[in-house]
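Letter by letter, the chains look like this.
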Amino acid sequence: MANRFVVEADGGSRGNPGPAGYGAVVLDAATGEALAEAAEYIGTATNNVAEYKGLIAGLKAAKALDPDAEIAVRMDSKLVVEQMSGRWKIKHPDMKPLAAEAQRVFPAGRVAYEWIPREKNKHADRLANEAMDAGKAGRQWEPGRSSAGLAAAASAPSGVAAALQVPAAEPLAEPKASPVGWAAPADLGAPTTFVLLRHGETALTPQKRFSGSGGSDPGLSPAGRRQAEAAAAALAARGTIQAVVTSPLLRCRETAGAVAARLGLDVRVEEGLREADFGAWEGLTFAEVRERHPEDLDAWLASSKAAPTGGGESFAAVARRVSLTRDRLLARYAGRTVLLVTHVTPVKTLVRLALGAPPESLFRMELSAASLSAVAYYADGNASLRLLNDTSHLR
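Residues numbered from 1 in each chain as written. Predicted model: local features only at pLDDT ≥ 70, side-chain atom pairs only at ≥ 80, totals over all residues. Heavy atoms only, no water.

## Overview of the overall build of the protein
In step 1: A count of helices and strands for the protein gives 11 helices and 11 strands.
In step 2: Residues classed as buried in the protein amount to 53% of the 395 residues present.
In step 3: When contacts within the protein are restricted to residue pairs at least 6 apart in sequence, those whose partners lie at least 24 apart make up 71%.
In step 4: Of the roughly 17300 Å² of accessible surface on the protein, a fraction of 51% belongs to carbon and sulfur atoms. (Helix = DSSP H or I, 4+ residues; strand = E, 2+ residues; numbered from the N terminus. Buried < 20%, exposed > 50% of the residue type's maximum accessible area, 1.4 Å probe, protein only. Contact = heavy atoms within 4.5 Å. Areas by Shrake-Rupley, 256 points an atom, 1.4 Å probe, with all protein chains shown as cover.)

## So, helix 1 (residues 47–65)
In step 1: The end-to-end C-alpha distance of helix 1 is 27 Å, a good match for the 27 Å that 19 residues give at a rise of 1.5 Å each.
In step 2: Listed as buried for helix 1 are Val49, Ala50, Glu51, Tyr52, Gly54, Leu55, Ile56, Ala57, Gly58, Leu59, Ala61 and Ala62. (Expected span 1.5 Å × (residues − 1).)

## Describing the side chain of Arg274
In step 1: If you trace the backbone, Arg274 turns up in the loop between strand 8 (267–269) and helix 8 (286–292).
In step 2: A polar contact is formed between the side chain of Arg274 and the side chain of Glu271, at a distance of 2.9 Å.
In step 3: Side chain to side chain, Arg274 and Glu313 meet in a polar contact 3.3 Å long.
In step 4: In this structure Arg274 touches Ser213, Ser247, Pro248, Glu313, Arg321, His343 and Pro346, once residues within four positions along its chain are discounted. (Polar contact = N/O pair within 3.5 Å; in protein donor to acceptor, adjacent residues only side chain to side chain.)

## Looking at the sheet that holds strand 2 (residues 18–28)
In step 1: One open sheet holds the 5 strands; their spatial order is 3-2-1-4-5, and the pairing between them is mixed. Strand pairing shows two members of the sheet lacking a second neighbour, strand 3 (34–45) and strand 5 (111–115), which therefore form its edges. Strand after strand, the sheet turns through a mean of 20° between neighbouring axes, direction not considered.
In step 2: The pairing of strand 4 (residues 70–75) with strand 5 spans 5 bridges and is classified as parallel. Looking at strand 5, one finds that Ile71 is bridged to Val111.
In step 3: Set on the sheet, helix 1 makes contact with strand 1 (4–13), strand 2, strand 3, strand 4 and strand 5; between it and strand 1 the angle comes to about 155°.
In step 4: Helix 4 (residues 122–136) rests against strand 1, strand 2 and strand 3 of the sheet, and its axis sits at about 140° to strand 2. (Pairing = 2+ DSSP bridges. Axes fitted to C-alpha atoms, helices over the stretch in contact; angles between N-to-C directions.)

## Points about the packing of aromatic side chains
In step 1: With the rule as written, the count across this model stands at 8 aromatic pairs.
In step 2: Between the aromatic rings of Phe210 and Trp281, the centroid separation amounts to 5.5 Å while the plane-to-plane angle is 55°, which identifies the pairing as tilted. Highlighted residues: Phe210 in the loop between strand 6 (192–198) and helix 6 (222–238) and Trp281 in the loop between strand 8 and helix 8, separated in sequence by 71 residues.
In step 3: Judged by centre distance (5.6 Å) and plane angle (80°), the rings of Trp300 and Phe363 are edge-to-face. One end of the pair, Trp300, is in helix 9 (residues 294–302); the other, Phe363, is in the loop between helix 11 (344–355) and strand 10 (372–377), with 63 residues separating them in the sequence.
In step 4: What makes Trp300 buried here is its relative accessible area of 5%. (Phe/Tyr/Trp six-rings, centres within 6.5 Å; stacked < 30°, edge-to-face > 60°.)

## Overview of a nonpolar patch on the surface
In step 1: Together, Phe286, Leu301 and Phe363 line one region of the surface with nonpolar side chains, adding up to about 260 Å² of accessible area.
In step 2: As for its position among the elements, Phe286 is in helix 8. (Patch = residues over 30% accessible without salt bridge, like charges linked within 9 Å, V, L, I, M, F, W, Y side chains within 5 Å. Salt bridge = Lys/Arg side-chain N within 4 Å of Asp/Glu carboxyl O.)

## A few points about unusual backbone geometry
Most peptide bonds are trans, and most residues other than glycine sit at a negative phi.
In step 1: Cis geometry marks the peptide bond from Asn16 to Pro17; its omega dihedral reads 5°.
In step 2: Take Pro17: it is sitting in the loop between strand 1 and strand 2.
In step 3: For Asp217, which is not glycine, the phi torsion reads 55° and is therefore positive.
In step 4: Relative to the elements of secondary structure, Asp217 occurs in the loop between strand 6 and helix 6.
In step 5: Classification of Asp217 as partly exposed rests on a relative accessible area of 29%.
In step 6: In this model, Asn389 sits at a positive phi of 55°, which is unusual for a non-glycine residue.
In step 7: Mapped onto the secondary structure, Asn389 falls in strand 11 (residues 383–390).

## Details of the pairing of strand 2
In step 1: Judged by how many residues are buried, strand 2 sits mostly within the fold: 9 of 11 residues are covered.
In step 2: Bridging between strand 1 and strand 2 involves 9 bridges; their strand directions are antiparallel. Looking across to strand 2, one finds that Glu8 is bridged to Val25.
In step 3: The antiparallel hairpin formed by strand 1 and strand 2 contains 4 residues in its connecting segment, where Gly15 sits at a positive phi of about 145°.
In step 4: Across 10 bridges, strand 2 lies against strand 3 in antiparallel orientation. Bridge pairing in strand 3 links Gly23 to Ala39.

Printed below as a string of structure tokens:
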């Protein structure tokens, strides 16, 4: 009996046309196991060209596994699916040779095409974005750099084992509403838990000054070092932390170092956990910003898309960065309890996304220095807020 594979493919262009890349994954149709991945940065191209190239790469990867396999292709590109199914004519000159190349990989009778919504195509989408990110950094995507390898079943067809599923990977994807505490399925396995530790105080913290990733990068104050040690003692007593990941900024690295030393763990630095860049507001108090940049501050308070004065980072931009980082870490640490040492905005953003709350909720959360919060992520894509702003270890 011939093997049956599912090929999921995607492509994207940041500009359309612009810097482009594709991603594809081959899954075992019976189990949902990811058997092969392919991704590549292809330079300047359109979305459609990148999507077709993703399809071709996925088909070739499947053929390398078994040239006699039966293939079900699942893509969120209506254009590619309809054209390859023969229902739409291929008119664009750039598409015709690509479609012909895809048709040559397997005989037509062994390949079926199905359109799926984007949220069902997480694995391939993430690979395509990793390829584009690699191109931006001046390199090509490498399999060893993939963070999508555990995400196969997030987009798997019916019949694929639910136990393989991981949380959705799409930037800004909101969790599905489900009564986790009341009726969560019993067979989802252990959740991935992020324990969120805000760094200890710096000299700027008591003065309530903007201190992001674009400022002076202060270290912990004496009070902040005491807070870090107190958090370390509390986490050591709980004994549940299995890995420590930190923002690259000094105050977080010092806080993480205190915890990791107590727990006997290494520290992994994750760029995506850095604080927002507050532009020209760095080092200023809220009152000083109100006095110097009143219109920019009002816009910032009114819209998550507004950036601070001087080229700072909007909350929407931070949310995109943090959600991508969340997904990478969920894939890397599936089923484990991980300490993330970070800042006010990333912690609040993770909480907001877990709750499915609107952006304005960021202004309605209190988050003290060296406080602990926790979010659990389940294999069906749901998230549960377990703890918020716990400072009992500091008292």
